[in-house]
Amino acid sequence: MPFQRFMQMALYEPGLGYYVNGLYKFGAAGDFVTAPERGRLFAAGLAVELDRLGQNLEPEWTLLELGPGSGALARDLLEQLDAPPARYLMLEPSAVLRQVQAETLEALPQSLRRRVAWVDQPPEQSFDGAIVANEVIDALPISRFRKHATGFDELMVTVQSGRFGWSTRPAGGRLLKALVQLEADLAEPLASGYESEICVDLPEWLAAVTRPLGRGKVLVVDYGYPRREYYHPDRSAGTLVCHYRHRAHFDPFVWPGLTDLSAFVDFTAVAEAAQACALDVAGFTTQAGFLLASGVHERIEQAESDFERLKLASEFKQLILPGEMGEKFKVMALTRGAIDDTQAFDWSDQLGRL
């Protein structure tokens with residue numbers, strides 16, 4: 001079985017996959033903590049950017065959130081946006097996660113909850129507004145590969161003595177074409193024995209989720225690298241990582257369906273996919289650069305008590321310090337329809353790294 005198929009089943013197989021099996025995933029009681037679960041400063045930074053966008057659109061603008069997780073980001077955005085969208089669409093196919101999200105949103109006033117609707121696929125009707133994808137692309141199924149002296153092998157999943165294990169076959173089709181293009185874009189060919197991964201479905205996925213966006217902006221937040229850093233010679237084992245009860249490990253065959261599988265994002269590939277579906281790459285920076293440009297750190301000094309000030313300071317450090325989320329996580333803005341505001345990326349513009 002191709003690893004891409006294995007990862008698809010391990011994460012999304014109805015009733016069994018990690019994201020649809022009913023077990024809680026987020027926060028201290030789950031397997032990992034995303035930025036929205038750390039507090040409200042992350043959403044506050046996004047709200048600054050989205051309010052700026054909303055001023056350039058009609059009041060009836062729409063926000064589509066992909067993979068809304070626990071619903072914490074939706075709750076915090078709706079509370080902190082000066083002019084909330086007329087519609088807040090949450091693309092979530094899992095009935096279990098929809099229930100978790102609905103419970104999270106119960107804290108909102110009814111006037112805001114009425115704006116929320118769940119969808120299981122991008123809307124057919126075009127809208128002006130924003131699409132937010134926070135830690136979504138890292139969970140797209142990827143293909144694993146190994147370079148050898150005469151070409152590429154695809155890493156496959158087999159069963160050995162009753163356990164899952166690795167096997168190989170010559171890479172072909174879309175995967176081989178993508179790998180040849182990838183290597184041609186690198187400063188030098190990959191070394192024999194080099195292993196990594198690539199998301200061959202990224203262009204089609206991005207085209208599908210952004211197709212309804214008329215005029216507006218896509219904000220992608222995820223951990224990853226520009227291509228030449230992603231496929232650096234020293235990163236010769238790839239970036240596939242597994243999480244279980246807040247512990248990272250690197251064996252995707254341990255507890256399938258109970259363990260989160262993800263891979264870092266090739267942001268150069270995101271930029272290429274965006275341009276292929278008529279989106280402009282308007283900004284790229286680190287999460288630290290994005291949040292510092294938003295000015296949300298000023299809220300720390302405005303806190304009403306020392307306890308609250310210390311709490312916000314701790315949260316902010318987790319979001320921006322290089323050893324935490326600040327450098328590992330990147331923010332990319334994709335625009336369509338003469339939306340050219342890049343103020344949030346001016347503090348640390350890193351488009352040149354792509």
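Everything below is about the structure printed above this text.
The rules behind these values
Residues numbered from 1 in each chain as written. Predicted model: local features only at pLDDT ≥ 70, side-chain atom pairs only at ≥ 80, totals over all residues. Heavy atoms only, no water. Axes fitted to C-alpha atoms, helices over the stretch in contact; angles between N-to-C directions. Helix = DSSP H or I, 4+ residues; strand = E, 2+ residues; numbered from the N terminus. Parallel < 35°, antiparallel > 145°, perpendicular 65-115°, else oblique. Contact = heavy atoms within 4.5 Å. Nonpolar A, V, L, I, M, F, W, Y, C, P; charged D, E, K, R; others polar. Buried < 20%, exposed > 50% of the residue type's maximum accessible area, 1.4 Å probe, protein only. Pairing = 2+ DSSP bridges. Left-handed = near helix turned anticlockwise from the far one by under 90°. Phe/Tyr/Trp six-rings, centres within 6.5 Å; stacked < 30°, edge-to-face > 60°.

J.: Explain the packing of helix 11 (residues 287-294) against helix 13 (residues 306-320) residue by residue, including any values.
T.: Where helix 11 contacts helix 13, the axes come no closer than 8 Å and their chain directions differ by 135 degrees. As far as their axial angle goes, helix 13 and helix 11 are oblique. Contact residues: Q287, A288, L291 and L292 in helix 11; F316, L319 and I320 in helix 13. Looking at the contact of helix 11 with helix 13 residue by residue, the classes come out as six nonpolar, one polar and no charged.

J.: Now, about helix 4 (residues 72-80): what can you tell me, with residues and values included?
T.: In terms of burial, helix 4 is largely enclosed, as eight of its nine residues are buried. What helix 4 keeps buried is the set A72, L73, A74, R75, D76, L77, L78 and Q80.

J.: Report on the pairing of strand 4 (residues 127-134), specifying residues and quantitative values.
T.: Across the eight residues that make up strand 4, a large majority, seven, are buried. Bridge analysis of strand 1 (residues 62-66) against strand 4 gives five bridges, and the strand direction is parallel. Paired with L63 across the strands is A130, a residue of strand 4. Bridge count between strand 4 and strand 9 (residues 213-225): seven bridges; the pairing is parallel. Paired with I131 across the strands is V218, a residue of strand 9.

J.: I'd love a proper account of the environment of D280, names of residues and values included.
T.: In this structure, D280 sits in strand 14 (residues 280-286). Separated by 41 residues in sequence, D280 and T239 place their C-alpha atoms 27 Å apart. In this structure D280 touches A333, L334 and T335, once residues within four positions along its chain are discounted.

J.: Hey, could you go over the packing of helix 3 (residues 41-54) against helix 11 for me, with residue numbers and the actual values?
T.: Contact geometry of helix 3 with helix 11 gives a least axis separation of 9 Å together with a crossing angle of 70 degrees. In terms of orientation, helix 3 lies roughly perpendicular with respect to helix 11. Note that helix 3 runs across helix 11; the crossing there is left-handed. When helix 3 is examined against helix 11, the residues L41, F42, G45, L46, V48 and E49 are found in contact with a partner set consisting of Q287, F290, L291 and S294.

J.: Now, about the packing of aromatic side chains: what can you tell me, with residues and values included?
T.: Under the definition given, this model contains 18 aromatic pairs. Taking 4.9 Å as the distance between ring centres and 55 degrees as the angle between the ring planes, the aromatic pair formed by W166 and F253 counts as tilted. Here W166 is found in strand 7 (residues 163-170), whereas its partner F253 is found in the loop between strand 11 (247-249) and strand 12 (260-262), with 87 residues between them in sequence. Classification of F253 as buried rests on a relative accessible area of 12%. Arranged with centres 4.7 Å apart and planes meeting at 35 degrees, the rings of Y244 and W255 form a pair that is tilted. One end of the pair, Y244, is in strand 10 (residues 241-244); the other, W255, is in the loop between strand 11 and strand 12, and eleven residues separate them in sequence.

J.: Go over the environment of G323 with me, naming the residues and quoting the values.
T.: Tracing the backbone through its elements, the reader meets G323 in the loop between helix 13 and strand 15 (329-336). Separated by 79 residues in the primary sequence, G323 and Y244 place their C-alpha atoms 21 Å from one another.

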